[in-house]
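Commentary on secondary and tertiary structure
Given next are the chains, with one letter for each unit.
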Amino acid sequence: MKAWHFSENAYHYLPPADSYESIRVTLPNRLYDPEKGAALYDRFIDEWLVAEEEGLGIMLNEHHQTATCVDPAAPLMLAALARLTTKARLLILGNPISNRRQPVRVAEEMAMVDVLSRGRLECGFVRGVPYEIAAGNSNPVRSNERQWEALDLIIKAWTTHDGPFSHEGRFFHHRMINIWPRPYQQPHPPVWISTTSPGGAARVGARGYVQATFLTGFDGTRAVFDAYRHGWQKAGLGAHVPVHRLAYAALVYTADNEQAARAGAEKLLWYVTSNKVPRHFANPPGYVPISANVAMLRGAEHPLSAFARGASVEAAIERGIMFAGTPDQVLRQIRKLYGHVGGFGHLLIMGQAGFLEHDETVAGIRHFARHVYPALKEEFPDTAPTVRGDQHGGAVRER
Amino acid sequence: MRSSTIAIAGASLEMFEAGAGAPMLFLHGCDGFDPAHRYAAKLSEQARLLAPSHPGFGRSGLPDWITEVDDLAYIYLELLDHLGLATVDLVGCSIGGWIAAEMATKAPGRFRRIVLSAPVGVKTGPADKLDIPDIFAMPEEKLSALMFHDPAKERREAAAIPDAELAVRLRNRESLALLAWEPYMHNPKLRHRLHRIDCPVLFLRGESDGLVSDEYLRRYAALLTDARCGSIAAAGHAPEVEQPDAFAARITAFLGTTTGA
């Protein structure tokens, strides 16, 4: 098991939520104070450095036009981290390639960070959550297809070393593709994809990339991981699916006593409860299949939205979207989810949100790293790779 | 009303037909064609009404290669060939008006007279203001208020709509997004082609239309050589739905002026 400290770099100095329509897309940036923002960047970077010091990986992501994640150009933050750190793996999860107009530019950015960090990049790609559509002015229709074409093009750009090639595809065109630098890791940095749907996971499994899923709880995560394993096996990548191909992101807070753990956990819930977004941004036409939209109009609700309305630490732990408590309690909670979903090799720790102060965040990281992580690594070791080229993400098929 | 399916350029088109007389190609608006609505019956009283569902709308297919309104214009020109119609009257509503304008710029000789009702398709105003309010960035209730003169009468709750029809409505909206997302509701080239249209054109809008403004309609019409503007009272963006009799009467009067049909 490998653990990663993930921070969204939220800007939480906001007026009461009933004074604005949406925390995303339309929230006026006059509410952002650059002085406070600069101090927050310093603080969040310091927390990532604590994570490195404690032996955790570093994870960051990218969102746009939102106070929930003021990291709209994650490759810039990644470049800073590449120079500020020396040993931690650097996971970007991920590049929103359905909304980036130039996949080749993304390939360049990631290759550059890989070289800057001397091969410490773990390179994630995402379609982007629905509220990114308006901010990116991206057509919500066919965005899955766009993501896959962009991904294939990026990998080809990383792995082509004999001068320019051309790409004339359905969504992207580029006649001279010959990136400098090429990636430090060979054949390319490990590839991660996040999806919360079983349909998407099967496709990721067939490619052998690392699959991450966020706050999907017991049954949702199991469905995603089962689909991944099925996709992997169906594609002929082997009967055994290594656990380090699967990653789960949860809210995590560890302390030496229940009271402190509870206080930290309460503050972490902000991540779920603050996400006030009107339906027209949360569900643009074409983002989800029509059958899912019919179900929604019939009253079906996304499990996370349903949870957010009555969010509590107990309910979050009960659903498997939060691990919080003393080291023993956290270990037990993780063990329970691990067993239910059939195992996973990466724990992506949402370790900072909203009003969780710097000292509290650091204490949470240190407690986890010192009192939970060693037992996790011992109890849940990586399973042996079964496929050639496995450690580099993107399995080489045995045919 | 007779319905059939016609395959054009890989797109399976749902097609409705009724009435007899001069052929009228009717291109529906953003919510699709409703063969059971009174406007369909009224329009077919004095013409041979031909009403396809646009690719991606109703029960028409949507091939992968279709990405913009321009594609639909070519499909419908081919449909006219397929039907053996050298010349037709052309009526388009909302996005159907956009398709109609595109068709007429490509083959001006094929249209005797054209009616564009609440058409979108051109950019007439400044870069920092949308000509058409962003329908994808507002709640359904607000969109209804802009769409209709009497939203309470026209708006139907999802609970009252069967699954199959609900799926069609959702797909219509999805296809509209595909075609009109960017550039939003227009083709930057179209305004530079509209002068090619040489037949008489009537621009119409509902007086309560919150999407296509009177100013927009007039600027659009000014890009053509032989256009006039009119309005329909107590109607919003879909006057064919809210005032089917007045809508059909205006069209019949305009189309009939030269033929006396």
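Along every chain, residues carry numbers that run from 1 in the direction the sequence is written. Here chains are named by letter from A upward and ligands by number from 1 upward, in the order in which they appear as written. Where totals are concerned, whole chains, interfaces and linings use all residues; where local detail is concerned, this predicted model gives features only for residues with pLDDT of at least 70, and gives and counts side-chain atom pairs only at 80 or more.

1. Considerations on helix α1 (residues 34–53) of chain A
All names here are of chain A.
- Segments assigned H or I by DSSP are reported as helices when at least four residues long, segments assigned E as strands when at least two residues long, and all are numbered from the N terminus. In a helix, the anticipated span is given by 1.5 Å times the number of residues less one. Taking 1.5 Å per residue as the helical rise, α1 with its 20 residues ought to reach 28 Å, and the 28 Å between its terminal C-alpha atoms agrees with that figure.
- Within the span of α1, buried status applies to F44, E47, W48 and A51. Along the axis of α1, the buried positions cluster into a sector of 100 degrees, meaning they face one direction only. Across from the buried face of α1, at angles greater than 90 degrees, the exposed residues are E35, A38, A39 and D42.
- For the purpose of contact definition, each residue receives a C-beta atom placed from its backbone, and two residues are in contact when these atoms lie within 7 Å. For α1, the secondary structure elements touched by its buried residues are β1 (2–7), β2 (57–60), α2 (74–84), β11 (346–352) and α15 (358–371).
- Positive phi shows up at G55, right after α1, with a value of about 90 degrees. To sort residues by exposure, count the other C-beta atoms lying within 10 Å of each residue's C-beta; 20 or more gives buried, 12 or fewer gives exposed, and values between give partly exposed, all with C-beta atoms placed from the backbone. When we speak of the arc, we mean the arc of directions from the helix axis to the C-beta atoms.

2. Details of the pairing of strand β7 (residues 191–194) of chain A
All names here are of chain A.
- Side chains V191 and I193 project from β7 onto one buried face, and the interleaved W192 and S194 project onto a second face that is buried too.
- Of the pairings in the sheet, the one linking strand β4 (residues 121–126) to β7 comprises three bridges and is parallel in character. If you follow C123 over to β7, its bridge partner there is V191.
- Handedness of a crossover is defined as follows: with both strands directed away from the viewer, a clockwise route from the first strand across the helix to the second makes it right-handed. This β-α-β element, β7 to helix α6 (residues 198–207) to strand β8 (residues 210–214), shows right-handed connectivity. Strands were regarded as paired on the criterion that DSSP finds at least two bridges between them.

3. Here's the deal with the packing of α1 of chain A against α15 of chain A
Residues and elements named next belong to chain A.
- Between α1 and α15, whose axes approach to 10 Å, the crossing angle comes to 15 degrees. Viewed along their axes, α1 and α15 adopt a mutual orientation that is roughly parallel. Our pair here, α1 against α15, has a crossing hand that is right-handed. Residue-level inspection shows R43, E47, V50 and A51 of α1 in contact with α15, the latter providing H358, T361, V362 and I365.
- Residue type decides the class: Asp, Glu, Lys and Arg count as charged, Ala, Val, Leu, Ile, Met, Phe, Trp, Tyr, Cys and Pro as nonpolar, and the leftover types, Gly among them, as polar. Counted by class, the contact of α1 with α15 contains four nonpolar, two polar and two charged residues. Axis definition: a line fitted to C-alpha atoms, over the contacting stretch in the case of helices. Angles run 0 to 180 degrees between N-to-C directions. Orientation categories follow fixed angle ranges, with anything under 35 degrees roughly parallel, anything over 145 roughly antiparallel, 65 to 115 roughly perpendicular, and all other angles oblique. By definition, any crossing whose near helix is turned counterclockwise from its far helix by less than a right angle is left-handed, and any crossing with a clockwise turn is right-handed.

4. Quick notes on the sheet that holds strand β1 (residues 2–8) of chain B
Residue and element names in this part refer to chain B.
- Strand order across the open sheet formed by eight strands is β1-β2-β4-β3-β5-β6-β7-β8, with mixed pairing between neighbours. Looking at strand neighbours, the two that pair on one side only are β1 and β8 (227–232), the edges of this open sheet. In this sheet, adjacent strand axes meet at a mean angle of 25 degrees when their direction is disregarded.
- Both strand β5 (residues 88–93) and strand β6 (residues 111–117) contribute to a ladder of five bridges, which runs parallel. Its bridge partner lying in β6, G92 is registered against L116.
- Packing of helix α2 (residues 69–83) onto the sheet brings it into contact with β1, β2 (11–18), β4 (48–52) and β5, and relative to β1 it is tilted by some 110 degrees.
- Lying over the sheet, helix α7 (residues 214–221) contacts β7 (201–206) and β8, oriented at roughly 170 degrees with respect to β7.

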